[in-house]
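So you can see what is in the structure, the chains are spelled out below.
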Amino acid sequence: AQSVSQHNHHVILSEAASLELGCNYSYGGTVNLFWYVQYPGQHLQLLLKYFSGDPLVKGIKGFEAEFIKSKFSFNLRKPSVQWSDTAEYFCAVMGAGKLIFGQGTTLQVKP
Amino acid sequence: DARVTQTPRHKVTEMGQEVTMRCQPILGHNTVFWYRQTMMQGLELLAYFRNRAPLDDSGMPKDRFSAEMPDATLATLKIQPSEPRDSAVYFCASGSGGSSTEAFFGQGTRLTVV
């Protein structure tokens, strides 16, 4: 069975700071990896995804993530955060069609 | 604009009552997921279906929860009887299946059991 672990539960940054959110997964087979964002009171929206190919994937709103197979990691990054990035971020792994989410990281960006 | 539709958006019910939540997946999607979101547990996968067949419902309390897909355009999640600890936001998501697919989420049903 697969599992997902997000290291940071709550992150507070000032605007323009750089962001990196950690995500590690456990699964013995081929995986698809995702980062979703949930703005306050809203549903989950896809930020980016990795299926195969270039391990550095770029998503919407300036986010990117790097798949490091040897470390079972898929960390999310953004060079310069904005106040509007305040939200909850979820890492997810799909193995054999089953989609499992991490516990989520709440990001608070101070203006 | 294709989207997953969930009804109702909000539900307040008394303990012991039956609750039914509905989900209309995106047309053409053959995979449906049900999740429960709480502050304590985060996003828990309750069940998922492919081509209307349940593939995994191990995350669902079997004694009171049931999930079905009467047809390709409707998925239901029922709780009978409901309990205060069932209070949560329930999300449905759909996907097109296959090895390279993402899940599209509905707006969720916020359930409060008093």
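Just so we're clear, the structure is a prediction, and the values are computed from it rather than from any experiment.

Draft legend 1. Examining the environment of B:Leu45 more closely. Within the fold, B:Leu45 resides in strand S5 (residues 42–50). Residue class for B:Leu45 comes out buried when judged on its relative accessible area of 13%. Each C-alpha atom, one on B:Leu45 and one on B:Tyr90, is 10.0 Å from the other, the two residues being 45 residues apart in sequence. Filtering out sequence-adjacent residues up to four positions away, B:Leu45 remains in contact with A:Lys98, A:Leu99, A:Ile100, B:Phe33, B:Trp34, B:Tyr35 and B:Gly59.

Draft legend 2. How the structure looks around the interface of chain A and chain B. Facing 20 residues of chain A, the contacting portion of chain B comprises 21 residues. Together, the buried faces of chain A and chain B total about 1700 Å²; carbon and sulfur atoms form 53% of this surface. At the surface where chain A touches chain B, the tally comes to two salt bridges. Notably, a salt bridge pairs B:Asp56 with A:Lys98, separated by 2.8 Å at the nearest N-O pair. Remark: the boundary between chain A and chain B carries six residue pairs in polar contact (both at pLDDT 80 or more). Those elements that provide at least two residues to the side of chain A that touches chain B are strand S5 (32–38), strand S6 (44–50), strand S10 (87–95) and strand S11 (98–101) of chain A. A breakdown of the residues in the side of chain A that touches chain B according to their chemical character gives eleven nonpolar, six polar and three charged.

Draft legend 3. Layout of the layout of surface pockets. Of the volumes computed, that of the largest pocket is approximately 670 Å³. Contributing to the lining of the largest pocket are 29 residues, with A:Gln38, A:Glu88, A:Phe90, B:Gln37 and B:Met39 lying nearest its centre. Tallied by class, the residues present in the lining of the largest pocket amount to ten nonpolar, 16 polar and three charged. In this structure, the second largest pocket encloses a volume near 340 Å³. Along its surface, the second largest pocket is lined by 18 residues, and A:His43, B:Ala2, B:Arg3, B:Val4 and B:Phe105 are the ones closest to its centre.

Draft legend 4. Representation of the packing of aromatic side chains in the model. All chains considered together, the criterion is met by 15 aromatic pairs over all chains. Relative to B:Phe105, the ring of A:Phe101 has its centre 5.7 Å away and its plane inclined at 75 degrees; by these criteria the two rings are edge-to-face. A residue pair is termed interchain when its members come from two chains, as with A:Phe101 in strand S11 and B:Phe105 in strand S10 (residues 104–105). One exposure class covers both A:Phe101 and B:Phe105, and it is buried. Ring centres of B:Phe91 and B:Phe105 lie 6.2 Å apart, and the angle between their planes is 75 degrees; this geometry places the pair in the edge-to-face category. Here the residue B:Phe91 occupies a position in strand S9 (residues 88–95), and B:Phe105 occupies one in strand S10, the gap between them amounting to 14 residues. A single burial state applies to B:Phe91 and to B:Phe105, both of which are buried. What links up through ring pairs into an aromatic cluster is the set A:Phe34, A:Tyr36, A:Phe51, A:Phe90, A:Phe101, B:Phe33, B:Tyr35, B:Tyr48, B:Phe91 and B:Phe105.

Draft legend 5. Structural context of the sheet that holds strand S1 (residues 5–7) of chain B. Residues and elements named next belong to chain B. Strand order in the open sheet made by the four strands is S1-S3-S8-S7, with antiparallel pairing throughout. In this open sheet, the two strands that pair with only one neighbour each are S1 and strand S7 (65–71). Averaged over all pairs of adjacent strands, the angle between their axes in this sheet comes to 20 degrees, without regard to strand direction. Relative to strand S3 (residues 19–24), S1 runs antiparallel, the two sharing three bridges. Bridge pairing in S3 links Gln6 to Cys23.

What counts, and where the lines are drawn
Residues numbered from 1 in each chain as written. Chains lettered and ligands numbered in written order. Predicted model: local features only at pLDDT ≥ 70, side-chain atom pairs only at ≥ 80, totals over all residues. Heavy atoms only, no water. Helix = DSSP H or I, 4+ residues; strand = E, 2+ residues; numbered from the N terminus. Buried < 20%, exposed > 50% of the residue type's maximum accessible area, 1.4 Å probe, protein only. Contact = heavy atoms within 4.5 Å. Buried area = accessible area lost by both parts, 1.4 Å probe. Salt bridge = Lys/Arg side-chain N within 4 Å of Asp/Glu carboxyl O. Polar contact = N/O pair within 3.5 Å; in protein donor to acceptor, adjacent residues only side chain to side chain. Nonpolar A, V, L, I, M, F, W, Y, C, P; charged D, E, K, R; others polar. 1 Å grid on protein atoms, 1.4 Å probe; cavity = no way out; pocket = protein on both sides within 12 Å on 5 of 7 lines; lining within 4 Å. Points joined across faces, edges and corners; volume = space filled by probe spheres on them. Phe/Tyr/Trp six-rings, centres within 6.5 Å; stacked < 30°, edge-to-face > 60°. Pairing = 2+ DSSP bridges. Axes fitted to C-alpha atoms, helices over the stretch in contact; angles between N-to-C directions.

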